[in-house]
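Chain by chain, the residues:
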Amino acid sequence: MSMEQRPLGRTGADVSVVGLGTWQLGGDWGDVDDDSAADVLDAALDAGVTLLDTADVYGDGRSEERIRRALVARSERPFVATKAGRRADPFEAAQYTPENLRAWIDRSRRNLGVDTLDLVQLHCPPTAVYSDQRVYDALDSFVEDGAIAAYGVSVETVAEGLTALQHPGVQTIQVILNVFRRKPLEELLPAAAKAGVGILARVPLASGLLTGKYDESTTFPADDHRNFNRHGEAFDVGETFAGVPFEVGVAAAREVAAIAGDAPTAAFALRWVIDQPGVTTVIPGARTVEQVRGNVAAADLPPLTDAQLSDLERVYDERIRAHVHDRW
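Conventions we followed
Residues numbered from 1 in each chain as written. Predicted model: local features only at pLDDT ≥ 70, side-chain atom pairs only at ≥ 80, totals over all residues. Heavy atoms only, no water. Buried < 20%, exposed > 50% of the residue type's maximum accessible area, 1.4 Å probe, protein only. Helix = DSSP H or I, 4+ residues; strand = E, 2+ residues; numbered from the N terminus. Pairing = 2+ DSSP bridges. Right-handed = clockwise from strand over helix to strand, strands pointing away. Contact = heavy atoms within 4.5 Å. Axes fitted to C-alpha atoms, helices over the stretch in contact; angles between N-to-C directions. Phe/Tyr/Trp six-rings, centres within 6.5 Å; stacked < 30°, edge-to-face > 60°. Lys NZ or Arg CZ within 6 Å of the ring centre and 35° of its normal. Salt bridge = Lys/Arg side-chain N within 4 Å of Asp/Glu carboxyl O.

Chemist: Tell me what's going on with the pairing of strand S5 (residues 79–84), and back it up with residues and numbers.
Modeler: Regular strands place their side chains on alternate faces of the sheet. Across the 6 residues of S5, 6 count as buried, placing the element largely inside the fold. Taking every second residue as pointing to the same face, both faces of S5 are buried, with Phe-79, Ala-81 and Lys-83 on one and Val-80, Thr-82 and Ala-84 on the other. Summarising the sheet, strand S4 (residues 51–53) and S5 pair through 3 bridges and their orientation is parallel. Looking at S5, one finds that Leu-51 is bridged to Phe-79. Following the chain from S4 across helix H2 (residues 62–71) to the adjacent parallel S5, one finds a crossover that is right-handed. In this sheet, strand S6 (residues 119–123) lies alongside S5 in parallel orientation, the contact comprising 4 bridges. Each residue of the ladder has a partner; that of Ala-84, found in S6, is Leu-122.

Now the structure itself:
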């Protein structure tokens, strides 16, 4: 099945406008067994997804290994973007040495069963790392020796993304972007487009809020970050519900669903992201085949109307803005 493809920065790769995020195939989203993970990956690839996003710490390598197994029998290989850096312990800038980066990258190569990784992204490291030229020099050397084909960064804030753009080797930026998280539209996306840098939009459904399927009584398993990280107990709170308080997000999502009308709420919210100038691909996660199909449907929706865009902005201004931290 075909899907709209867009150039991923200067990597030379074209990737589908809807990709697949695979954090949930490693952990932190409740249990996903091997068979379910394989079904999700097969469904995405069969539906025309050509970009998979993973990381070495998703299930301590489980996500990468599941991707490797899913691709064994396929003649056409998708673009696989992974991440490195969160294995640092303690999690501090001093851990980002050439030796550690090389060890993390080599481990991902083994997990994914490849000689050359398509893309390695610094995985939301301490802010100081984004301005450390030694880190970029090391990544450049890994490109030169063929361990990686390209590198980029995954960021928590616009400021971190703008800092990374000052380094010419950066090919991609991954950032949280959704109907409830709009700050990247102002400076980061235009600057990335000017620099020829691809944008991977993550947390596009605000950890499921923008599916419109939750209410105030919805609960999540103990091993799901939507339970244990609501206040940033384990990692940046922005990664969970895009930093929006759950009850606030549920109420706002009801209004988004009404604006979507006959369109499925999740696909509608993803279409909003796809339509933002500068976005290359959106990378929602999925735990079931049905969720994959629902996400992929966004690629076939028409662009949102001016009235819908205006209504979504009103919901953001009235419901969300007061709860969004300035740094986001």
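Still more to cover.
Chemist: Go over the sheet that holds S4 with me, naming the residues and quoting the values.
Modeler: Sheet strands associate in pairs through backbone hydrogen bonding, adopting either a parallel or an antiparallel arrangement. The sheet built from 8 strands is open, its strands ordered S3-S4-S5-S6-S7-S8-S9-S10 with parallel pairing. With one partner strand each, in any of the chains shown, strand S3 (20–21) and strand S10 (281–282) form the two edges of the open sheet. With 2 bridges joining them, strand S9 (residues 198–202) and S10 adopt parallel strand pairing. From the neighbouring strand, Leu-200 faces S10, where its bridge partner is Thr-281. With respect to the sheet, helix H4 (residues 133–144) is in contact with S6, strand S7 (151–154) and strand S8 (170–176), its orientation differing from that of S7 by roughly 140°.

Chemist: Lay out the packing of aromatic side chains in plain terms, naming residues and giving numbers.
Modeler: Under the definition given, this model contains 10 aromatic pairs. A ring pair is formed by Phe-220 and Phe-246, whose centres lie 6.0 Å apart and whose planes are at 85°; its orientation type is edge-to-face. Remark: Phe-246 occurs in helix H8 (residues 246–260) and Phe-220 occurs in the loop between S9 and helix H7 (225–228); sequence separation between them is 26 residues. For the residue pair Phe-220 and Phe-246, the accessibility class agrees, reading buried in each case. Arranged with centres 6.3 Å apart and planes meeting at 80°, the rings of Phe-228 and Phe-235 form a pair that is edge-to-face. The buried category is assigned to Phe-235, whose relative accessible area is 19%. In textbook terms, an aromatic cluster arises when at least three aromatic residues are bridged by ring pairs, as seen for Trp-23, Tyr-58, Phe-228 and Phe-235. The cationic tip of Arg-86 hangs over the ring face of Phe-91; the distance from NZ or CZ to the ring centre is 4.3 Å.

Chemist: An account of the pattern of salt bridges is needed here, citing residue identities and associated values.
Modeler: A complete count under the given rule lists 21 salt bridges for this structure. Residues Lys-83 and Asp-53 are paired through a salt bridge, measuring 2.6 Å at the closest nitrogen-oxygen approach. Highlighted residues: Lys-83 in strand S5 and Asp-53 in strand S4, separated in sequence by 30 residues. Accessibility expressed as a relative area gives 1% for Lys-83, which makes it buried.

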